[in-house]
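# Residue-level structure breakdown
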Amino acid sequence: MLTEAWAGSVAAAARLSWDLHRDLRLVLQYPFMRNAFVAGAVAALMCGAIGWFAVLRGETYAAHTLASVAFPGASGAVYLGLAPLVGYFGFAVAGAALIAWLSPLGPGGGERHSATVGAVQAMALALGFWFVSLYQGFLSSLSGFLFGSFLGVTRDDVMVLAITALLALGLLAIVGRPLLFASVDPRVAEAAGVPVRAVSLLYLILLGCAVAEASQFTGVLLVLALLVVPAATASALTARPSVGLVLSVGLALVTVWAGLAAAYFTNRPVGFWVTSVGFAGYGLARGTASVRGRWTRRVVAA
Amino acid sequence: MSPAHPERNSVVEALDPPGPGPSPVGAPTVVAAGVAARAGGRLLFEGLDATVTAGQFVAVLGPNGAGKSTFLRMLLGLHPPAAGSLTVLGERPGRRNHDIGYLPQRRSFDSSVRIRGVDLVRLGVDGHRWGTPLPLVRRLFDRARFEQEQRHLDDVVARVGATAYGQRAIGEVSGGEQQRLLIAQALVRQPRLLLLDEPLDSLDLPNQQGVAALLQQISADGVTVVIVAHDVNPILGYLDQVIYIVGGRALAGPPETVITTENLSRLYGAPIEVIRTSSGQLVVVGQPDAASFHAH
C-alpha cells in the first residue's frame with residue numbers, strides 16, 4: 001500500500017494556480033489520481049441517492065453504525081491477507097442484515113431500533129480494534145481506515161466499485177417508490193400492500209453497500225460526510241423528491257471531486273477536505289432555507 | 001375546506017380516469033357476524049354484528065383500548081378476527097384493499113420530514129407500485145397522461161381544501177392541514193370504502209366540524225366512510241350508523257336506536273344521559289371521557 005509520505009513527494013511540485021486548465025491537468029496526470037476521481041464519482045452517485053433516503057428515513061445513525069461495522073471488516077481482511085474492499089463489503093452488508101434481524105417491529109420500535117443499532121456499533125468498533133491489535137504494526141493504514149485515503153485505489157477496485165454501484169442503484173430504482181412510501185408513511189404503505197419489512201431490509205443492505213464504497217475515501221469515521229451531508233443539504237433546499245435526489249447526487253459529486261483536488265494540492269487528508277466542503281455547503285443551505293422561510297412568512301403576513 | 005365551493009363537485013366526478021367507483025347505494029360494504037377480536041392474548045370484544053351499506057357514514061365509538069383501531073385493521077385484513085365472519089366489499093378482508101382508503105391513527109409529521117404534501121397524496125395513487133417515478137421524463141414523453149394525472153391530483157387536493165399549502169413540506173403545515181392532506185391521500189385512489197382512525201383527534205373545533213362535513217359530503221357521493229372516534233357529539237348529526245365497542249361488548253345500529261340513555265348507561269356501566277335538543281339533535285351527556293379509560 002502506498003503511503004501518505006509518498007503522496008507528499010508527488011504533490012510537492014503541484015501548486016494551485018488561477019489557470020484551471022493547468023490545475024486540472026496537474027491533478028489528473030497520475031493514474032492513481034484518475035482512479036480516485038472515477039471511483040469517487042461512482043461512490044458519490046451511490047451515496048447521494050442512497051443517502052437521500054437515509055435522511056428521509058432518519059437512519060443516519062444506522063449509516064454511521066454500518067461504517068463502524070465496515071472497520072473490523074477492513075482490518076480483518078488485511079489481517080487475513082485479503083483486499084480491504086472484500087472486508088468492507090462483507091461486513092457492512094452482514095451488519096445491515098444483523099440490524100434488520102435484531103430490530104423489533106411495532107409501536108415504539110423506533111427507539112428500540114436505535115438501541116439495537118448502538119449495541120451493534122459498540123461491538124463492531126471493539127472487534128475492529130481487536131483485529132488491529134492482532135496485526136502488529138500497521139498503524140499507518142489504521143488511520144487510512146478511520147479517516148480515509150485515496151492512494152490505494154487501483155483499476156480493479158474501480159471496476160468492483162462500479163459494478164456494485166450499478167447493481168445497488170438498479171435495485172434502488174426498482175424499489176424507489178414503495179421505499180419512499182414505506183419511509184414517510186409505513187402504516188398506510190402496509191395497508192396498500194407494500195412489503196414494508198422486506199423493503200426496509202433491502203434498504204439497509206443497500207445502505208451497507210454505500211457505506212462500504214464511501215469508506216474507501218472518507219474512512220469509516222467520516223462516511224457521513226458523503227452519505228448524509230449532501231443529502232441533508234439537498235433536503236434543506238427542496239422538498240421535491242425528484243429534485244432532491246438529483247441535487248443530492250450532484251452535491252456528493254462536487255464534494256468528492258473538490259475534496260480530492262484540495263487534498264492533492266494541500267497534501268492534507270482527503271477525509272478532512274471532503275467533510276469540510278460538504279459541511280460548508282450544508283451551512284450555506286441551512287442559512288438560505290432559514291432566510292427564505294423568514295421571507296415567505298413576512299410576505300404571507302403582509 | 002372552503003364552504004363556498006363553486007360547483008358542488010362530487011368526488012366521483014372529480015376523480016378521473018374513471019375507476020371501479022362506488023357501488024350502488026344500499027349494497028353491503030361491510031358485513032360482520034359474531035365477530036370477536038383478540039390482541040396480545042386478551043379478548044378485546046366479542047359478538048359484533050353489523051351491516052354497513054354503501055354510502056353510509058359510520059362511527060366506531062368507545063373508550064381507548066376497547067379495540068376500535070383493531071376493528072379497522074381487521075377490515076383491512078391486517079388483524080385476523082378471533083371468531084365470527086367478516087366480509088368487506090363482498091370478499092374476505094384484505095382482498096379488496098385497493099378499493100379502500102385508510103388513514104391510521106395520529107400520524108403527524110415533524111418539521112424534519114422534507115417531502116411536499118402533494119407528494120404524499122400522490123403516493124396514495126401509486127406508492128405500492130415498484131419502480132421509481134421520473135416526473136421530468138414523463139412530462140416530456142407521456143405528456144397527456146401526466147397532465148391528466150396531475151389534474152386529478154389537483155382536483156382531490158382542492159376537494160379537501162388543501163390547494164393553498166399542498167406544495168409546502170408536510171412537516172411545515174399545521175396538524176389540521178396535515179389531516180386534510182392525509183384524507184386526500186386516502187381519497188385519491190377512488191376508494192369505495194374509507195377507513196379513518198381518529199381523524200378528528202388533535203383538531204380544534206372549527207377544524208373538527210370542517211373535516212366532519214367533508215366526510216359527510218364524501219359519503220353522500222357513495223363512498224362508505226367508517227371513522228373511529230371517542231367523542232360522538234361533534235359528528236352525531238352526520239351519522240347513519242354507530243358501532244359502540246365498550247368493555248368487551250359491541251352494539252351497532254342507527255344512532256336513534258343505539259344512542260339511548262338505557263343502552264349507553266348499560267354499555268358503559270355508568271349513568272349517561274342522551275338528550276334531544278329543540279332542533280331534534282341528539283347530545284350525549286356524561287359520557288365517561290377518554291381520560292378515565294386510559295388504563296388499558
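All of these numbers come straight from a predicted model, not from anything done at the bench.

Moving on, we come to the pattern of salt bridges. Residue and element names in this part refer to chain B. One pass over the full model with this rule turns up 11 salt bridges over all chains. Between glutamate 91 and arginine 95 there is a salt bridge, with the nearest N and O atoms lying 4.0 Å from each other. Under the relative-accessibility criterion, glutamate 91 is labelled partly exposed at 30%. Here arginine 96 and glutamate 91 are joined by a salt bridge, their closest N and O atoms 3.9 Å apart.

Residues and elements named next belong to chain B. The six strands lie next to each other as 5-6-7-3-8-9, forming an open sheet whose pairing is mixed. Both edges of this open sheet fall to strand 5 (100-103) and strand 9 (249-253), since each of them pairs with a single strand only. Going from strand to strand, the sheet's axes swing by 10° on average, the running direction of each strand aside. Relative to strand 7 (residues 224-229), strand 6 (residues 193-197) runs parallel, the two sharing five bridges. Across the sheet, residue aspartate 197 finds its bridge partner in strand 7, namely valine 228. Packed on one face of the sheet, helix 9 (residues 261-268) meets strand 8 (241-246) and strand 9 and runs near 30° to strand 8.

Turning to the interface of chain B and chain A, a few remarks are in order. Of the residues lining the interface, 31 residues belong to chain B; the matching set on chain A comes to 28 residues. Considering only the side of chain B, the residues that lose the most area to chain A are B:Arg114, B:Leu123 and B:Trp130, jointly responsible for 26% of the buried surface there. In this structure, the connection of chain B to chain A is made through one salt bridge. With a closest N to O distance of 3.2 Å, A:Arg177 and B:Asp126 form a salt bridge. Viewed at the interface, chain A and chain B are joined by 12 residue pairs in polar contact (both at pLDDT 80 or more). The set of elements that each furnish at least two residues to the side of chain B that touches chain A consists of helix 3 (117-126) and helix 6 (175-187) of chain B.

Definitions and limits used
- Residues numbered from 1 in each chain as written.
- Chains lettered and ligands numbered in written order.
- Predicted model: local features only at pLDDT ≥ 70, side-chain atom pairs only at ≥ 80, totals over all residues.
- Heavy atoms only, no water.
- Salt bridge = Lys/Arg side-chain N within 4 Å of Asp/Glu carboxyl O.
- Buried < 20%, exposed > 50% of the residue type's maximum accessible area, 1.4 Å probe, protein only.
- Pairing = 2+ DSSP bridges.
- Helix = DSSP H or I, 4+ residues; strand = E, 2+ residues; numbered from the N terminus.
- Axes fitted to C-alpha atoms, helices over the stretch in contact; angles between N-to-C directions.
- Contact = heavy atoms within 4.5 Å.
- Buried area = accessible area lost by both parts, 1.4 Å probe.
- Polar contact = N/O pair within 3.5 Å; in protein donor to acceptor, adjacent residues only side chain to side chain.

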